[in-house]
Amino acid sequence: MIAIINIPKKGRGIIAKKEILKETLIEMAPSSSFPAKQWPLINETDVFKYCFVMPSEYKTKQEVNGYLVFGLSSLCNHSDTPNAYIEWVRDGISLWANLIALKDIQAEEEI
C-alpha cells in the first residue's frame, strides 16, 4: 500500500502505491515514550527526526513527552495540509501509532 522513496529537498518519505481511501488504516506501529525532561538529550541525536508528540498533551502541560514510532509512519514528512494523521491507541500490549488516511490519497501521492 505504501513505499519509501527519496523526496527531493525532504529526504526519505512515504508515498501511496495505490489509492488509499479516507479513514483507511495505513499502518499500525508500536511506539515507546520518553519523558519531557529527556528532550534536550534527544535533540542532540539523529533520533530527533523520528520523534512524535501527542498534540492533546499541549492542552494540559507546558512540557510534553516524546514518542518514538517503530514503523514506516516515522518517515512521514510534515505538512501544513496533511492527508493522514496519527491516532494514538493504548492497549494491554503497547502504545500504538495508527496512521490513518484523513482524505482519499492518490497513487504516488506523498503521505
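Our structure is the block above this text.
Residues numbered from 1 in each chain as written. Predicted model: local features only at pLDDT ≥ 70, side-chain atom pairs only at ≥ 80, totals over all residues. Heavy atoms only, no water.

Tallied over the entire structure, the rule returns zero disulfides. With no disulfide partner, Cys-51 has as its closest neighbouring cysteine sulfur the one in Cys-76, 15 Å distant. For Cys-51, a relative accessible area of 15% translates into the label buried. (Disulfide = S-S within 2.5 Å. Buried < 20%, exposed > 50% of the residue type's maximum accessible area, 1.4 Å probe, protein only.)

Here strand β3 (residues 25–34) runs beside strand β5 (residues 66–69); their pairing, made up of four bridges, is antiparallel. Across the sheet, Phe-34 pairs through a bridge with Gly-66, a residue of β5. As paired elements, strand β4 (residues 51–52) and β5 share two bridges and run antiparallel to each other. Within β5, the residue paired with Phe-52 across the bridge is Tyr-67. (Pairing = 2+ DSSP bridges. Helix = DSSP H or I, 4+ residues; strand = E, 2+ residues; numbered from the N terminus.)

That's the geometry; what it means functionally is another story.
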